[in-house]
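Survey of secondary and tertiary structure
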Amino acid sequence: MNKKGIMNKRLFLGILLAIAFVAPRLDAQDLKHYKKVVKALSSSKYQGRGYAKDGANKAGQYLAKEFAKAGVDEVICQPFKLDINTFPGKMAMSVDGKKQVPGKDFTMREFAPGVKGEFGLYYIDTANYDSEKIFNDLAKPENKNVFVVCDFLYSYKRGKDFQRMQGKDCAVAGFLYTWEEPLKFYKAYGEKVVGKPIIWVPYRFPKDAKTIKLDIENKFLKNYECFNVIAKVEGRRHDSCYVFTAHYDHLGNLGKKVFYAGANDNASGTATIVTLAEYYTKNKPEFDMYFIAFSGEDANLRGSEFFANNPIVPLEQIKYLFNIDMIGDNNPVQYCEVSDEGMRGYALFEKINNEKHHFKALNRGELAGNSDHYPFAVRHVPCIFFENEQGDAFKYYHTIHDNYKNAVFDSYEPVFKIVTDFVDRY
Ligand SMILES: [Zn+2]
């Protein structure tokens with residue numbers, strides 16, 4: 001090539017660079033793709049991404065494919081095991097002959113055993129609580145094998161008494177705890193099964209019912225294998241990395257027919273990291289990028305805890321970790337939690353937000369063990385947790401109503417933009 005040719009080539013490169021500088025980045029947030037992934041993950045195919053029907057693992061396989069389709073360099077499935085109580089079978093309850101609807105009229109405590117039979121009821125009078133009288137009453141033959149009915153929060157106040165009722169020496173068959181609607185369902189303490197069933201019912205539960213009939217099956221899974229899905233996009237440098245995390249598991253089933261779709265919790269965050277992965281395959285990053293879809297989060301952070309103990313990249317190499325959990329909502333003030341080591345980065349998040357107004361404001365709360373950033377935060381990884389709280393979808397948290405129809409998509413774009421801006425400038 002002659003000298004003129006070289007000069008022309010330089011000029012050409014210069015023009016290209018100039019275009020690259022002014023042109024917007026290719027394929028930024030992709031709302032359509034995001035919605036598609038949220039919809040798929042919340043569909044009946046994955047049965048609430050729980051364990052007994054393999055919903056979580058099937059969703060994990062779907063995600064592995066989605067990451068591959070997004071064009072990432074590598075997808076790794078990281079298996080781990082957990083013990084978990086599940087309710088995939090019979091789930092029938094009637095009160096004085098009236099059929100109750102699972103998920104709506106009653107839900108189970110996650111550590112409840114199955115139960116079958118007809119039972120009398122013993123109502124706890126919380127306004128005139130008298131421990132001695134209660135245990136005297138419960139010792140009477142006519143109260144043998146009753147279900148105790150009590151305000152759920154009040155039962156905490158009298159924790160010792162309720163523990164005694166839960167014991168073998170007390171002839172109580174189980175508990176109905178009244179609580180606010182819509183009724184919630186959990187998995188966090190489901191690694192065990194207690195002796196007597198605990199069932200949540202709404203405050204509107206009859207104040208003078210005589211009997212309940214129950215036919216409820218549980219299935220305790222021991223050493224059940226599930227897996228984290230890890231996608232990697234290679235950067236130009238490999239000495240440090242950014243990590244985006246979101247849990248893809250949820251609560252699974254409450255009986256044969258009812259499943260907890262978990263569109264906000266956390267199909268929303270999972271879909272966000274899928275589209276972020278796609279974005280970085282098209283905009284090659286400076287540092288390696290990991291996108292980790294954790295399983296076992298609603299079962300008490302089991303997947304993230306496992307990864308933090310068995311990281312595939314040294315934790316010290318993580319420049320920043322972004323945990324995205326429940327952003328399928330619309331509060332313009334974005335809630336977040338930040339690890340001590342992440343506070344320098346938080347100042348940048350605030351700076352970016354003040355300049356670009358992705359959110360009306362950021363609201364930083366106390367660090368808590370409520371999502372997958374926590375096992376990293378306690379291991380001194382700089383990290384932030386985004387959860388959009390108190391918007392229109394938040395009231396459906398852990399209820400049967402957290403489905404695709406009730407998901408809100410407003411927070412996706414600002415979350416996407418604030419984290420990608422952050423990576424550009426940190
Ligand atoms: Zn959850």
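On a predicted model such as this, the values are computed, not experimentally measured, just so you know.

Some thoughts on the overall build of the protein chain
Regarding its fold elements, the protein chain presents eleven helices and 18 strands. For the protein chain, the spread of C-alpha atoms along the three principal axes comes to 105 × 35 × 35 Å. Here the contacts in the protein chain between residues at least 6 apart in sequence split such that 85% fall between residues at least 24 apart.

Here we look at the sheet that holds strand E15 (residues 318-324)
Think of a sheet as strands paired side by side through backbone hydrogen bonds, with each pair either parallel or antiparallel. Strand order across the open sheet formed by eight strands is E1-E10-E14-E11-E15-E18-E16-E17, with mixed pairing between neighbours. Two strands bound the open sheet, and with one partner strand each, they are strand E1 (74-86) and strand E17 (361-364). Each strand axis lies, on average, 25 degrees off the axis of its neighbour in the sheet, ignoring direction. Of the strand pairs in this sheet, E1 and strand E10 (residues 219-233) are connected by twelve bridges, and their pairing is antiparallel. Counted as the bridge partner of proline 79 is phenylalanine 227 from E10. Of the strands in this sheet, E1, E10 and strand E14 (287-294) are in contact with helix H3 (residues 55-70), which crosses E10 at around 10 degrees.

Describing the environment of glycine 48
Within the secondary structure, glycine 48 sits in the loop between helix H2 (31-41) and H3. Overall, the presence of 28 C-beta atoms within 10 Å leaves glycine 48 in the buried class. Through-space distance from the C-alpha of glycine 48 to that of valine 258 is 8.9 Å; in sequence the pair is 210 residues apart. Look past the residues within four positions of glycine 48 in its chain and what remains in contact with it is Gly55, His250, Leu251, Gly252, Asn253, Phe259, Tyr260, Ala261 and Gly262.

Observations regarding the packing of helix H9 (residues 343-356) against helix H11 (residues 412-425)
The interhelical angle for the contact between H9 and H11, taken along N-to-C directions, is 115 degrees, at an axis separation of 10 Å. Judged by the twist between their axes, the crossing of H9 over H11 is right-handed. Mapping the contact onto sequence places Leu348, Phe349, Ile352, Asn353 and Lys356 in H9 and Ile418, Asp421, Phe422 and Arg425 in H11. In terms of residue class, the contact of H9 with H11 is built from five nonpolar, one polar and three charged.

Re the pairing of E17
Here is the key point about a regular strand: its side chains alternate between the two faces of the sheet. As paired strands, strand E16 (residues 333-338) and E17 are joined by four bridges and run parallel to one another. Across the sheet, the residue bridging to cysteine 336 is arginine 364, located in E17. With H9 bridging E16 and the parallel E17, this β-α-β connection has right-handed handedness.

As for the domain arrangement of the protein chain
Entries for the protein chain in the domain assignment read domain 1 (27-83 + 222-425) and domain 2 (91-216). The centre of domain 1, based on its C-alpha atoms, is set 36 Å off from the matching centre of domain 2. Listed as interface residues are 16 residues of domain 1 and, on the opposing side, 15 residues of domain 2. The residue inventory of the side of domain 1 that touches domain 2, partitioned by class, reads eight nonpolar, five polar and three charged.

Some details on helix H7 (residues 263-282)
The terminal C-alpha atoms of H7 lie 27 Å apart, and with 20 residues this matches the ideal 28 Å at 1.5 Å per residue to within 8%. Among the 20 residues that make up H7, 18 are buried, leaving the element largely enclosed by the rest of the structure.

A few points about the pairing of E15
For E15, the tally of buried residues reaches six of seven residues, placing the bulk of the element in the interior. The sheet contact formed by E15 and strand E18 (residues 383-387) spans four bridges and is parallel. Bridged to phenylalanine 322 within E18 is isoleucine 384.

Here we look at the nonpolar core
In this structure, Phe67, Val148, Ile199, Ile273, Ala277 and Phe291 are the most contacted members of the largest nonpolar core, which totals 117 residues. No other element matches the nine residues that H7 contributes to this core. Residues from two domains meet in this core; each of domain 1 (27-83 + 222-425) and domain 2 (91-216) gives at least three. Sequence-distant contacts of isoleucine 273, that is, excluding residues within four places in its chain, are made with Phe244, Ala246, Phe291, Ala293 and Ile324.

Examining the sheet that holds strand E7 (residues 172-179)
The sheet built from eight strands is open, its strands ordered E3-E2-E9-E5-E6-E7-E8-E4 with mixed pairing. Looking along the sheet, the strands with just one partner apiece sit at the ends: strand E3 (98-100) and strand E4 (107-108). By the bridge criterion, three bridges tie strand E2 (residues 91-95) to E3 in an arrangement that is antiparallel. Along E3, the bridge assignment pairs valine 95 with lysine 98.

About the thresholds
Residues numbered from 1 in each chain as written. Predicted model: local features only at pLDDT ≥ 70, side-chain atom pairs only at ≥ 80, totals over all residues. Helix = DSSP H or I, 4+ residues; strand = E, 2+ residues; numbered from the N terminus. Contact = placed C-beta atoms within 7 Å. Pairing = 2+ DSSP bridges. Axes fitted to C-alpha atoms, helices over the stretch in contact; angles between N-to-C directions. Buried ≥ 20, exposed ≤ 12 C-beta atoms within 10 Å, placed from the backbone. Left-handed = near helix turned anticlockwise from the far one by under 90°. Nonpolar A, V, L, I, M, F, W, Y, C, P; charged D, E, K, R; others polar. Right-handed = clockwise from strand over helix to strand, strands pointing away. Domains from an automatic or database assignment. Expected span 1.5 Å × (residues − 1). Core = buried A, V, L, I, M, F, W, Y, C linked by C-beta atoms within 7 Å.

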